[in-house]
Amino acid sequence: LPWQQNSDSACWEPFLKALKHAFRGSFPTSLKLGFHTTVYPFWQDSLSIETALGDVKQGSASSNNFNKLQERVQQNFGDEVAPATVVAAVSEIGWANGCDGISRSAVSQKSTQANQCTFITNVVGTDWPATPDFEAFYFAGWPYDGWGDGNDCSSNWSPFTATDSLCPNSWGQSR
């Protein structure tokens, strides 16, 4: 479900009510509802590099930290869909390695390979939610044309080549 951290009840209640009706008035215990979100703190101009890197660091109280995303999904929707399970699905996490042609200096200062590698290390060591159903996917990037207005990061996204990691860390395992 495309939650994107917007828990406006005017949006969700009619949808969840209709979905519950489709299940004959009660969500099954076996149902797991994933609420989609993204984590791209380097895009937020108002965040310093240090604050943006710390968004997903272990012990962070940021709403972007994985355990906080899961807590918020549970708080916002857990009672409403019970006995079904709610899960935060962080379908995109990312930090650009470079933003060629970006016109926002706050973003281009953050989008370096060193910052990207620090961010990935912080993701690996973060506070993971206790639920085994939580999902997080790192956006490794792909070539695309961008918006064509010079206000994009259409290259240098990935921390990986086809065969190697560009980050000098030993965190090559998946979670």
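This report concerns the structure included in the present document. As the structure is a computational prediction, the values presented were derived from the model and not from experiment.

The rules we used
- Residues numbered from 1 in each chain as written.
- Predicted model: local features only at pLDDT ≥ 70, side-chain atom pairs only at ≥ 80, totals over all residues.
- Heavy atoms only, no water.
- Core = buried A, V, L, I, M, F, W, Y, C linked by side-chain atoms within 4.5 Å.
- Buried < 20%, exposed > 50% of the residue type's maximum accessible area, 1.4 Å probe, protein only.
- Helix = DSSP H or I, 4+ residues; strand = E, 2+ residues; numbered from the N terminus.
- Contact = heavy atoms within 4.5 Å.
- Expected span 1.5 Å × (residues − 1).
- Bend = angle between axes of the 7 residues up to and from the residue.
- Disulfide = S-S within 2.5 Å.

With that settled, consider the nonpolar core. The tendency in soluble globular proteins is for nonpolar side chains to be buried side by side. Formed by 32 residues in total, the largest nonpolar core has its most connected members in Phe42, Phe66 and Phe119. For this core, the elements supplying multiple residues, two or more each, are helix H1 (9–22), strand E1 (32–39), helix H2 (49–54), helix H3 (66–81), strand E2 (85–93) and helix H5 (113–124). Element by element, the count of residues in this core is highest for H3, at five residues. For Phe66, the contacting residues outside a window of four places in its chain are Val56, Val90, Ile93, Val123, Thr126, Asp127, Trp128, Pro129, Phe134 and Ala136.

The first and last C-alpha atoms of H3 sit 21 Å apart over 16 residues, in line with the 22 Å expected at 1.5 Å per residue. Along H3, the sharpest kink reaches roughly 40°, centred on Gln75. Of the residues making up H3, those classed as buried are Phe66, Asn67, Leu69, Gln70, Val73, Phe77, Gly78 and Val81. Against H1, E1, E2, H5 and strand E3 (135–138) lie the buried residues of H3.

For the rest of this paragraph, the subject is the state of the cysteines. Under the defined criterion, the tally for this structure stands at one disulfide. One disulfide bridge connects Cys117 with Cys167, the sulfur atoms lying 2.0 Å from each other. In this structure the cystine formed by Cys117 and Cys167 twists about its S-S bond by roughly -85°; its chirality is therefore left-handed. Pair noted here: Cys117 is in helix H5 and Cys167 is in the segment after E3, with a separation of 50 residues, a long-range link.

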